[in-house]
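Observations on chain architecture
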Amino acid sequence: MSSNGLFSSRENDQNTMIECTITRKRETSSLSREERRRRRRATQKYRMAHATRERIRVEAFNVAFTELRKLLPTLPPDKKLSKIEILRLAICYIAYLNHVLEA
């Protein structure tokens, strides 16, 4: 306290921060687990981290399709195929290889 009996500006700010923290804790403790998760996911930091993880996941997915595509015979060899075409061709090629092994 200051000499005139009132809180100084700094003490007032600290008390306000403490009150806000306590109020926030009360609010969060009354929130459901789903609501707390939703609020956490709404932060900019979380969204940026999620976007980065998703970009890495999609990149790995595309690399896997590229590697699979290299193993499949097509005419012409450099023909561009969609992901579904690559999967269907892989299924047919595996069936063909099984047939060759059984014969």
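Remember, predicted model here, so these are calculated numbers, not experimental data.

A few words now on the pattern of salt bridges. All told, the structure shown has 6 salt bridges when counted by the stated rule. One salt bridge connects arginine 39 with glutamate 35, and the closest N-O pair in it is separated by 3.5 Å. Placement of both arginine 39 and glutamate 35 in helix H2 (residues 33-41) is noted, with a separation of 4 residues, approximately one turn of the helix. The shortest N-O distance in the salt bridge between glutamate 54 and arginine 57 comes to 2.8 Å. Remark: arginine 57 and glutamate 54 occur in helix H3 (residues 44-71); sequence separation between them is 3 residues, near one turn of the helix. Owing to a relative accessible area of 31%, glutamate 54 belongs among the partly exposed residues under this scheme. A cluster of three or more residues bridged by salt bridges with shared partners is formed by Glu34, Glu35, Arg37, Arg38 and Arg39.

This part covers unusual backbone geometry. Cis geometry is adopted by the peptide bond preceding proline 76, which originates at leucine 75 and carries an omega value of -10 degrees. Checked against the element boundaries, proline 76 lands in the loop between H3 and helix H4 (83-102).

Closest axis-to-axis distance for the H3/H4 pair is 10 Å, and the angle between their directions is 45 degrees. When the interaxial angle is binned, H3 and H4 end up oblique. Remark: the crossing between H3 and H4 carries left-handed chirality. For the pair H3 and H4, the contacting residues are Phe61, Asn62, Phe65, Leu68, Arg69 and Leu71 in the first and Lys83, Ile86, Leu87, Ala90 and Tyr93 in the second. Classifying every residue of the contact of H3 with H4 gives 8 nonpolar, 1 polar and 2 charged.

As a further point, take the confidence of the model for the protein chain. Residue-level pLDDT values for the protein chain average 84, and 78% of them are 70 or greater. In the model of the protein chain, helix H1 (residues 9-30) stands out as the element of lowest mean pLDDT, 66, in contrast to H4, which has the highest, 96.

Turning our attention to the packing of aromatic side chains. Scanning the model with the defined rule gives 2 aromatic pairs in all. Ring centres 6.4 Å apart and planes at 20 degrees place the aromatic pair tyrosine 93 and tyrosine 96 in the stacked group. Pair noted here: tyrosine 93 and tyrosine 96 are both in helix H4, with a separation of 3 residues, about one helical turn. A residue is classified by how much of its surface remains accessible, and tyrosine 93, at 27% relative accessible area, is partly exposed.

Moving on to the nonpolar core. Residues Phe65, Leu72, Leu81, Ile86 and Ala90 constitute the largest nonpolar core, which totals 5 residues. Those residues in contact with isoleucine 86 that sit more than four places away from it in its chain are Phe65, Leu68, Arg69, Leu72 and Leu81.

Within the element layout of this structure, arginine 69 appears in helix H3. Aspartate 78 provides the closest opposite charge to the buried, unpaired arginine 69, separated from it by 6.7 Å. Polar side-chain contacts of arginine 69 include one of 2.9 Å to the backbone oxygen of proline 77. Setting aside its immediate chain neighbours within four residues, arginine 69 contacts Thr74, Pro76, Pro77, Asp78, Lys79, Leu81 and Ile86.

Criteria and thresholds
- Residues numbered from 1 in each chain as written.
- Predicted model: local features only at pLDDT ≥ 70, side-chain atom pairs only at ≥ 80, totals over all residues.
- Heavy atoms only, no water.
- Salt bridge = Lys/Arg side-chain N within 4 Å of Asp/Glu carboxyl O.
- Helix = DSSP H or I, 4+ residues; strand = E, 2+ residues; numbered from the N terminus.
- Buried < 20%, exposed > 50% of the residue type's maximum accessible area, 1.4 Å probe, protein only.
- Axes fitted to C-alpha atoms, helices over the stretch in contact; angles between N-to-C directions.
- Parallel < 35°, antiparallel > 145°, perpendicular 65-115°, else oblique.
- Left-handed = near helix turned anticlockwise from the far one by under 90°.
- Contact = heavy atoms within 4.5 Å.
- Nonpolar A, V, L, I, M, F, W, Y, C, P; charged D, E, K, R; others polar.
- pLDDT = per-residue confidence, 0-100.
- Phe/Tyr/Trp six-rings, centres within 6.5 Å; stacked < 30°, edge-to-face > 60°.
- Core = buried A, V, L, I, M, F, W, Y, C linked by side-chain atoms within 4.5 Å.
- Lys, Arg positive; Asp, Glu negative; His and termini not counted.
- Polar contact = N/O pair within 3.5 Å; in protein donor to acceptor, adjacent residues only side chain to side chain.

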